[in-house]
Amino acid sequence: EVQLVQSGADVKTPGESLKISCKGSGYTFSRYWIGWVRQMPGKGLEWMGSIYPGDSETNYSPSFQGHVLISVDKSISTAYLQWGSLQASDTAMYYCARRGYNSGEAFDIWGQGTMVTV
Amino acid sequence: QSALTQPPSASGTPGQRVTISCSGSTSNIGSNSVYWYQQLPGTAPKLLVYRNNQRPSGVPDRFSGSKSGTSASLAISGLRSEDEADYYCAAWDDSLSGHVVFGEGTKVTVL
């Protein structure tokens, strides 16, 4: 079964750092882009950025560039989203999603989400 | 890079047809495929439509997508109670390489 499994919920105080993870299985992880999507409480979906595990090429939304870092360890099929200094406004659910080729580059597989509370 | 424009809400009674609109620009919807995602309460989004009007395996044919120019729409026919959810459109945006833009989301209520 193709799936993305994310790390568990986390509670932090402002100024702390955090790294959340997204582990892929059931497919060749290195060949598919992984995107990160934020959903603030009661709000819509916002694309934050994406990474290609094969060569670590990364794209960021201007809204998130410089505030988060997206990385990957393809040897363990895991992508990461990290903050150096969290703010209260970072409180949100964060989803990782695979960009699928058979679905016209849509985000076809989603993780279950990681709730971050600051 | 602005979000795509969707109505905040839509509603219908069981069996009715509901349509959700999604408006963008020449750099996103006008140049690229449109996707639709369904988010049931408390769950992760799920791909509903890709390449404007294609359905992934398992998605009922009650859901249909279309696109014209810089606008797109999702129609739900034969509305059912389990269709009550948030629906988001999305498209790649050519203004910045590899960038995705989502719609603001539409809450569908089954009366």
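Placed above this text is the structure.
Here is a short report on the structure shown in this document. (Residues numbered from 1 in each chain as written. Chains lettered and ligands numbered in written order. Predicted model: local features only at pLDDT ≥ 70, side-chain atom pairs only at ≥ 80, totals over all residues. Heavy atoms only, no water.)

1. Let's talk about the overall build of chain B
Right, so step 1: The helix and strand inventory of chain B stands at zero helices and nine strands.
Right, so step 2: The globule rule puts the C-alpha radius of gyration for 111 residues at 13 Å, and the 13 Å found for chain B is close to it.
Right, so step 3: Over its C-alpha atoms, taken along the principal directions, chain B stretches across nearly 40 × 25 × 25 Å.
Right, so step 4: The 111 residues of chain B split such that 46% are buried.
Right, so step 5: When the accessible surface of chain B is summed, it comes to about 4,900 Å², and 45% of that surface belongs to carbon and sulfur atoms.
Right, so step 6: With 8 positive and 8 negative side-chain charges, chain B shows a spacing of 8 Å between the two charge centroids. (Helix = DSSP H or I, 4+ residues; strand = E, 2+ residues; numbered from the N terminus. Rg over C-alpha atoms; globule rule 2.2 N^0.38 Å. Buried < 20%, exposed > 50% of the residue type's maximum accessible area, 1.4 Å probe, protein only. Areas by Shrake-Rupley, 256 points an atom, 1.4 Å probe, with all protein chains shown as cover. Lys, Arg positive; Asp, Glu negative; His and termini not counted. Charge placed at Lys NZ, Arg CZ, Asp CG, Glu CD.)

2. Concerning the nonpolar core
Residue and element names in this part refer to chain A.
Right, so step 1: If you look at the biggest cluster of nonpolar residues, it comprises 25 residues, and the most contacted ones within it are Ile-20, Ile-34, Trp-36, Leu-81, Trp-83 and Tyr-94.
Right, so step 2: Sorting the residues of this core by element identifies β3 (18-25), β4 (34-39), β5 (45-52), β7 (68-73), β8 (78-83) and β9 (92-99) as the ones contributing at least two each.
Right, so step 3: Here Ile-20 is in contact with Ser-7, Trp-36, Ala-79, Tyr-80, Leu-81, Trp-83, Tyr-94, Thr-114 and Val-116, once residues within four sequence places are set aside. (Core = buried A, V, L, I, M, F, W, Y, C linked by side-chain atoms within 4.5 Å. Contact = heavy atoms within 4.5 Å.)

3. Thoughts on the interface of chain B and chain A
Right, so step 1: Contacts between chain B and chain A engage 19 residues on the former and 23 residues on the latter.
Right, so step 2: Summed over the three residues of chain B that lose the most area to chain A, namely B:Pro45, B:Trp92 and B:Phe102, the buried surface amounts to 29% of that side.
Right, so step 3: Taken together, the links from chain B to chain A amount to zero salt bridges.
Right, so step 4: Applying the counting rule to chain B against chain A returns eight residue pairs in polar contact (both at pLDDT 80 or more).
Right, so step 5: Among the elements of the structure, β3 (34-39), β7 (85-93) and β8 (99-102) of chain B are those that each provide at least two residues to the side of chain B that touches chain A. (Buried area = accessible area lost by both parts, 1.4 Å probe. Salt bridge = Lys/Arg side-chain N within 4 Å of Asp/Glu carboxyl O. Polar contact = N/O pair within 3.5 Å; in protein donor to acceptor, adjacent residues only side chain to side chain.)

4. A word on unusual backbone geometry
Right, so step 1: Phi is positive for A:Ser77, which is not a glycine, with a value near 55°.
Right, so step 2: Secondary-structure assignment places A:Ser77 in the loop between β7 and β8.
Right, so step 3: Since its relative accessible area comes to 19%, A:Ser77 is described here as buried.
Right, so step 4: In this structure, B:Asn52 takes a positive phi of about 75° despite not being glycine.
Right, so step 5: Mapped onto the elements of the fold, B:Asn52 is located in the loop between β4 (46-49) and β5 (63-68).

5. Description of the pattern of salt bridges
Residue and element names in this part refer to chain A.
Right, so step 1: With the rule as written, the count across this model stands at five salt bridges over all chains.
Right, so step 2: A salt bridge links Glu-46 to Arg-38; its shortest N-O distance comes to 3.0 Å.
Right, so step 3: Judged by relative accessible area, Glu-46 falls into the partly exposed class, the value being 27%.
Right, so step 4: One salt bridge in this structure joins Arg-98 and Asp-108, with 2.8 Å as the shortest N-O distance. Highlighted residues: Arg-98 in strand β9 and Asp-108 in strand β10 (residues 107-110), separated in sequence by ten residues.

6. Observations concerning the packing of aromatic side chains
Right, so step 1: According to the stated counting rule, one finds eleven aromatic pairs over all chains in the structure shown.
Right, so step 2: Note on A:Trp83 and A:Tyr94: the rings are 4.9 Å apart at their centroids and 70° apart in plane angle, and the pair reads as edge-to-face. Of this pair, A:Trp83 sits in strand β8 while A:Tyr94 sits in strand β9, placing them eleven residues apart in sequence. A:Tyr94 carries the same exposure label as A:Trp83, and that label is buried.
Right, so step 3: Ring centres of B:Tyr37 and B:Phe102 lie 6.0 Å apart, and the angle between their planes is 55°; on these two criteria the pair is classed as tilted. With a gap of 65 residues between them, B:Tyr37 in strand β3 and B:Phe102 in strand β8 connect regions that are remote in the sequence. Accessibility assignment for this pair places B:Tyr37 and B:Phe102 in one class, buried.
Right, so step 4: Members of the aromatic cluster, connected to one another through ring pairs, are A:Tyr95, A:Phe107, A:Trp110, B:Tyr37, B:Trp92 and B:Phe102.
Right, so step 5: Stacked on the ring of A:Tyr27, the Lys or Arg A:Arg98 has its end atom at 4.7 Å from the ring centre. (Phe/Tyr/Trp six-rings, centres within 6.5 Å; stacked < 30°, edge-to-face > 60°. Lys NZ or Arg CZ within 6 Å of the ring centre and 35° of its normal.)

Note that all results are geometric; they support no functional claim without further evidence.
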